[in-house]
Amino acid sequence: WPLMEDYELVERLKTYAGFPHHKRVQGACKGTVPKLRSGVRRVQVLDTAVVTSARRWLRKGIWWTTIFNQFIISAWHLGVSPFTLARWYYRV
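Residues numbered from 1 in each chain as written. Predicted model: local features only at pLDDT ≥ 70, side-chain atom pairs only at ≥ 80, totals over all residues. Heavy atoms only, no water.

A. Just unusual backbone geometry, in detail. One non-glycine residue, Met-4, lies in positive phi territory at about 75°. Structurally, the position occupied by Met-4 is in the segment before helix 1 (5-17). The buried category is assigned to Met-4, whose relative accessible area is 8%. (Helix = DSSP H or I, 4+ residues; strand = E, 2+ residues; numbered from the N terminus. Buried < 20%, exposed > 50% of the residue type's maximum accessible area, 1.4 Å probe, protein only.)

B. Seen up close, the nonpolar core. Among the nonpolar cores identified, the biggest contains 10 residues, and these are Leu-3, Met-4, Phe-68, Ile-72, Ile-73, Ala-75, Trp-76, Leu-85, Ala-86 and Tyr-89. Contributing elements (two or more residues each) for this core: helix 3 (62-77) and helix 4 (82-91). At 5 residues, helix 3 tops the list of elements feeding residues into this core. Those residues in contact with Leu-3 that sit more than four places away from it in its chain are Ile-72, Pro-82, Leu-85, Ala-86, Tyr-89 and Tyr-90. (Core = buried A, V, L, I, M, F, W, Y, C linked by side-chain atoms within 4.5 Å. Contact = heavy atoms within 4.5 Å.)

C. Just the layout of surface pockets, in detail. Looking at the largest pocket, its volume works out to about 760 Å³. Residue lining of the largest pocket: 24 residues in total, with Glu-5, Asp-6, Tyr-7, Thr-52 and Tyr-89 positioned closest to the centre. Among the elements of the structure, helix 1, helix 2 (55-60), helix 3 and helix 4 are those that each provide at least two residues to the lining of the largest pocket. For the lining of the largest pocket, a count of residues per class yields 14 nonpolar, 5 polar and 5 charged. (1 Å grid on protein atoms, 1.4 Å probe; cavity = no way out; pocket = protein on both sides within 12 Å on 5 of 7 lines; lining within 4 Å. Points joined across faces, edges and corners; volume = space filled by probe spheres on them. Nonpolar A, V, L, I, M, F, W, Y, C, P; charged D, E, K, R; others polar.)

D. Layout of a nonpolar patch on the surface. Taken together, the side chains of Leu-9, Leu-13 and Tyr-16 make up a nonpolar region of the molecular surface, amounting to roughly 270 Å² of accessible area. Take Tyr-16: it is sitting in helix 1. Overall, the relative accessible area of 38% leaves Tyr-16 in the partly exposed class. (Patch = residues over 30% accessible without salt bridge, like charges linked within 9 Å, V, L, I, M, F, W, Y side chains within 5 Å. Areas by Shrake-Rupley, 256 points an atom, 1.4 Å probe, with all protein chains shown as cover. Salt bridge = Lys/Arg side-chain N within 4 Å of Asp/Glu carboxyl O.)

E. Representation of helix 1 within the structure. End to end, helix 1 covers 18 Å across 13 residues, agreeing with the expected 18 Å (1.5 Å per residue, within 8%). All of the buried residues along helix 1 are Glu-8, Glu-11 and Ala-17. Those residues of helix 1 that are buried lie in contact with helix 3. (Expected span 1.5 Å × (residues − 1).)

F. Quick peek at the confidence of the model for the protein chain. Per-chain confidence: the protein chain averages 78 in pLDDT, with 71% of residues scoring 70 or above. Across residues 22-33 the pLDDT falls below 50, and counting only partners more than four positions away or on other chains, this stretch makes 7 contacts in the model. (pLDDT = per-residue confidence, 0-100.)

So, in structure tokens, the structure goes:
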């Protein structure tokens, strides 16, 4: 996949850990940990930093980049091909 592979990975990890697929976990923002179904595997969080580029954020701005990213995510949920999404994403 040329785009959305990281998003797909996180969605699959949520399912693997027992969280509902494509739904926000209630209470997560309040620092509470929701109860998982019995027999569900846990995901190990590593204490490792990830480095990414801020070029798009600096060039386009926070608001534009956030709205555009949400547009891409919404289109992916509606079934738009990752190849089409990549064309849109990298054209901008």
